[in-house]
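As a plain string of letters, each chain reads:
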Amino acid sequence: CRELGVGEADVFSTVDLYEAKNMNQVTRCIYSLGGVVQLSCPTFSGPHLGIAPRSVAKSDPKRPSVMATQMGGFAGVMERQKPTERAD
């Protein structure tokens, strides 16, 4: 599944299936695999299972581009801004 492009969060472990411990994860993996197969075999005209992933993660201009760490917070430098004068 991983080699085809199924996300790590969607892959189940053997115990999940064999001991029926987490069947929701197994179902999620099957649907995710069905979606990935739709992209890797676009000429297949048979029935489809799952939803094909439409886009790769995009950058969000509203979010900072620096990574936050648990101990250090944001690694970037905070900039100070002077308050603007308001005309009342």
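Quick caveat, the model's predicted, so the values are computed rather than measured.

Draft legend 1. Expanded view of the overall build of the protein chain. Looking only at helices and strands, one finds two helices and two strands in the protein chain. For the protein chain, the sequential pattern of α-helices and β-strands runs α-α-β-β. For the protein chain, the proportion of its 88 residues judged to be buried stands at 12%. Counted over contacts in the protein chain with a minimum sequence separation of 6, partners at least 24 positions apart contribute 17%.

Draft legend 2. View of the pattern of salt bridges. Inspection of every chain in the model, using the stated rule, returns one salt bridge. Salt-bridge contacts for Glu-19 lead to Lys-21; the nearest nitrogen and oxygen are separated by 3.4 Å. For Glu-19, a relative accessible area of 45% translates into the label partly exposed. When its relative accessible area of 59% is taken as the criterion, Lys-21 is described as exposed.

Draft legend 3. Geometry of a nonpolar patch on the surface. On the surface, a cluster of nonpolar side chains totalling about 270 Å² of accessible area is made up of Ile-30, Tyr-31 and Leu-49. In this fold, Tyr-31 is placed in helix H2 (residues 23-40).

Draft legend 4. Local environment of H2. In this model H2 runs 26 Å from its N-terminal to its C-terminal C-alpha over 18 residues, within 8% of the 26 Å that 1.5 Å per residue would give. Listing the buried residues of H2 in full gives Gln-25, Val-26, Cys-29, Ser-32, Gly-34, Gly-35 and Val-36. Of the surrounding secondary structure, the elements contacted by the buried residues of H2 are helix H1 (14-18).

Draft legend 5. Region of interest: the side chain of Gln-25. As for its placement among the helices and strands, Gln-25 is situated in helix H2. Overall, the relative accessible area of 10% leaves Gln-25 in the buried class. Here Gln-25 is in contact with Ala-9, Asp-10, Val-11, Phe-12 and Asp-16, once residues within four sequence places are set aside.

Draft legend 6. Geometry of the side chain of Asp-16. By the secondary structure assignment, Asp-16 is in helix H1. Within the buried core, Asp-16 has no salt-bridge partner, and the shortest N-O distance to an opposite charge, that of Lys-21, equals 7.8 Å.

Draft legend 7. Looking closely at unusual backbone geometry. Phi is positive for Ala-20, close to 50°, though the residue is something other than glycine. Residue classification places Ala-20 among the partly exposed positions, given a relative accessible area of 48%.

Scoring rules and cut-offs
- Position numbers for residues start from 1 in each chain and track the written sequence from start to end.
- Residues qualify for local features only when their pLDDT is at least 70, as the model is predicted, and side-chain atom pairs are given and counted only at 80 or more; totals for whole chains, interfaces and linings, by contrast, use all residues.
- Here the side-chain values reflect all heavy atoms present in the structure, with hydrogen atoms and water set aside.
- The numbering of helices and of strands both runs from the N terminus, where a helix is a DSSP run of H or I of at least 4 residues and a strand a run of E of at least 2.
- Burial classes follow relative accessibility: with a 1.4 Å probe on protein chains only, a residue under 20% of its type's maximum area counts as buried, one over 50% as exposed, and anything between as partly exposed.
- Only heavy atoms enter the contact rule, under which two residues are in contact if any of them lie within 4.5 Å.
- By convention in these notes, a salt bridge is any Lys or Arg side-chain nitrogen within 4 Å of a carboxyl oxygen on Asp or Glu.
- Exposure above 30% relative accessible area and the absence of a salt bridge qualify a residue for a patch, where like charges join within 9 Å and nonpolar side chains (Val, Leu, Ile, Met, Phe, Trp, Tyr) within 5 Å.
- For every accessible area listed, the method is Shrake-Rupley and the probe measures 1.4 Å; residues are considered covered only by the protein chains on display.
- Between the first and last residue of a helix there are one fewer steps than residues, each counted as 1.5 Å, and that sum is the expected span.
- When charges are counted, neither His nor the chain ends are considered; positive counts come from Lys and Arg and negative counts from Asp and Glu.

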